[in-house]
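If you want the building blocks of each chain, they are given just below.
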Amino acid sequence: MNILPTQVDLPFAASAAAIAIEAGNLVRGFYETGVATEYKGEADLVTEADRASERLIVERLHTRFPNHGVFGEEGSRRQMDSDYRWYIDPIDGTTNFAHRYPVFCVSLGLERRPPGLAADHDGEIVAGVIYDPTRNELFVAEKGKGAYLNGRRIRVSSTATLDESLLATGFPSRKRHENPNVHFYQEITMRSHGVRRAGSAALDLAYTACGRFDGYWEFNLNPWDVAAGFLLVTEAGGTVTYIDGSPFQLTSKEVLATNGLIYTELAELFEDMFAGRNISRVITPRQFVSRRAAEDVAP
Ligand code: IPD
Ligand code: CA
Ligand code: CA
């Protein structure tokens, strides 16, 4: 099966797709044989497969696009003053991969940076590719040309309200620290069909692009997590912003992606919750136990 779209010319995404598929197959090989896990931080895992995948991607990109820059999660930095820069996540979902939970992918996003652009300013994301090697699912997008899953055009869902939505979020693996997301997780779970926490930000965005999720949010992300997924969602007709609704930037860290239809409802809910409104109390385990004991003795 040709899993690239044939109806449209995608000069960047088609090359990146071939590279992502090759890297994904390499990662799947490691997954099948098993690899040792190392720690980059307290709970931040890395494996030989992450490094091998990044090496392969960087080599192939260099052969195909010798003048392009690269910025990879596992440390690759090359030609950072180039007009084009690839953001590489060689395995998004490393914790899943290391525990043999089959939800991970390879993610490649391309930024065009016009000459003279200040180092701390974003260019435009012009291509994005996400490949899931366990499902053989290839998501591709190019700016102005739409988003595709295994060659078929994809669009965000048509779910109009939060209470009919299925959403996704994540919690950072990079560094453990106090984070309010459990409150948002609880609140949005109670107001929707549910919130999934599957462990791959790139797939969460790809699934929002193809309508499996109606929205996704997360804090503490990095450009390699979101570059490709940003373009998939926007080319599929959705919105991607900072959590407060301001324009998305690669360095935003926080991201709120939606099908567009539930954007206002979700953005207002976040605004309320950040202001301390609309947050229901999360009972402690101790309160739960004493309530249960009281119910047990009640006639
Ligand atoms: C992680 C995944 C996860 C998200 C973390 C990311 P990694 O990326 O995308 O879903 O919750 O914030 O760091 O470390 O597996 O590439
Ligand atoms: Ca990642
Ligand atoms: Ca990674």
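Conventions and cut-offs
Residues numbered from 1 in each chain as written. Chains lettered and ligands numbered in written order. Predicted model: local features only at pLDDT ≥ 70, side-chain atom pairs only at ≥ 80, totals over all residues. Helix = DSSP H or I, 4+ residues; strand = E, 2+ residues; numbered from the N terminus. Rg over C-alpha atoms; globule rule 2.2 N^0.38 Å. Buried ≥ 20, exposed ≤ 12 C-beta atoms within 10 Å, placed from the backbone. Contact = placed C-beta atoms within 7 Å. Core = buried A, V, L, I, M, F, W, Y, C linked by C-beta atoms within 7 Å. Domains from an automatic or database assignment. Near = placed C-beta within 6 Å. Nonpolar A, V, L, I, M, F, W, Y, C, P; charged D, E, K, R; others polar. Pairing = 2+ DSSP bridges. Axes fitted to C-alpha atoms, helices over the stretch in contact; angles between N-to-C directions. Parallel < 35°, antiparallel > 145°, perpendicular 65-115°, else oblique. Left-handed = near helix turned anticlockwise from the far one by under 90°.

Some words on the overall build of the protein chain
The secondary structure content of the protein chain amounts to 8 helices and 15 strands. Here the C-alpha atoms of the protein chain give a radius of gyration of 20 Å, agreeing with the 19 Å that 2.2 N^0.38 yields for 299 residues. Along the first, second and third principal axes, the C-alpha set of the protein chain runs to 75 × 40 × 40 Å. Per-residue burial over the protein chain gives 41% buried out of 299 residues. Look at the contacts in the protein chain between residues 6 or more apart in sequence, and 65% of them connect residues 24 or more apart.

Concerning the nonpolar core
One finds Val-129, Leu-205, Ala-209 and Leu-232 to be the most contacted residues of the largest nonpolar core, which totals 77 residues. Of the residues forming this core, the biggest block, 9 residues, is contributed by helix H1 (residues 11-33). Here this core gathers at least three residues from each of two domains, domain 1 (11-153) and domain 2 (162-274).

Points about the site of ligand 1
In the region of ligand 1, 18 residues are neighbours, and Asp-92, Thr-94, Gly-170, Pro-172 and Ala-201 sit closest. Counting only elements with at least two residues in the shell around ligand 1, the list comes to strand S5 (84-92) and helix H3 (94-98). Broken down by class, the residue content of the shell around ligand 1 amounts to 4 nonpolar, 8 polar and 6 charged. Here the shell around ligand 1 spans two domains, since at least three of its residues come from each of domain 1 (11-153) and domain 2 (162-274).

Structural notes on the sheet that holds strand S10 (residues 152-153)
Paired through backbone hydrogen bonds, the strands of a sheet run either parallel or antiparallel to each other. A sheet is described by the order of its strands in space; here 8 strands give the open sequence S4-S3-S5-S6-S7-S8-S9-S10, paired in mixed fashion. Edge positions in the sheet fall to strand S4 (77-78) and S10, since each has one partner strand and no second. The sheet contact formed by strand S6 (residues 105-112) and strand S7 (residues 124-132) spans 7 bridges and is antiparallel. Its bridge partner lying in S7, Gly-109 is registered against Gly-128. Lying on the sheet, helix H2 (residues 48-64) is in contact with strand S3 (69-72), S4, S5 and S6; it crosses S5 at an angle near 155°.

Focus: the environment of Leu-162
Its location among the elements puts Leu-162 in the loop between S10 and strand S11 (166-168). Assessed through the 21 C-beta atoms surrounding it within 10 Å, Leu-162 is described here as buried. In this structure, the C-alpha to C-alpha distance between Leu-162 and Leu-266, residues 104 residues apart in sequence, is 7.2 Å. Residues contacting Leu-162, with those up to four places away along its chain left out, are Arg-191, Ser-192, Ile-262, Glu-265 and Leu-266.

What about the packing of H1 against H2?
At a closest axis distance of 9 Å, the pairing of H1 and H2 adopts a crossing angle of 160°. Judged on the interaxial angle alone, H2 and H1 are roughly antiparallel. The element H1 and its partner H2 pack so that their crossing is right-handed. Residues Ser-15, Ile-19, Glu-22, Ala-23, Leu-26, Val-27 and Phe-30 of H1 lie in contact with H2, whose contacting residues are Glu-48, Ala-49, Ala-52, Ser-53, Leu-56, Ile-57, Arg-60, Leu-61 and Arg-64.

A few points about the domain arrangement of the protein chain
When its domains are assigned, the protein chain resolves into domain 1 (11-153) and domain 2 (162-274). Inter-centroid distance (C-alpha atoms) of domain 1 to domain 2 is 20 Å. Residue-level contacts link 34 residues of domain 1 with 27 residues of domain 2. For the side of domain 1 that touches domain 2, the secondary structure elements donating two or more residues are S3, S5, H3, S6, S7, strand S8 (137-142) and strand S9 (146-149). Per element, the largest residue contribution to the side of domain 1 that touches domain 2 is 6 residues, and it comes from S7. Classifying every residue of the side of domain 1 that touches domain 2 by side-chain character gives 16 nonpolar, 9 polar and 9 charged.

Let's talk about unusual backbone geometry
Its identity is not glycine, yet Arg-100 carries a phi of approximately 65°, on the positive side. Locating Arg-100 in the fold gives a position in the loop between H3 and S6. For Arg-100, a count of 9 C-beta atoms within 10 Å translates into the label exposed.

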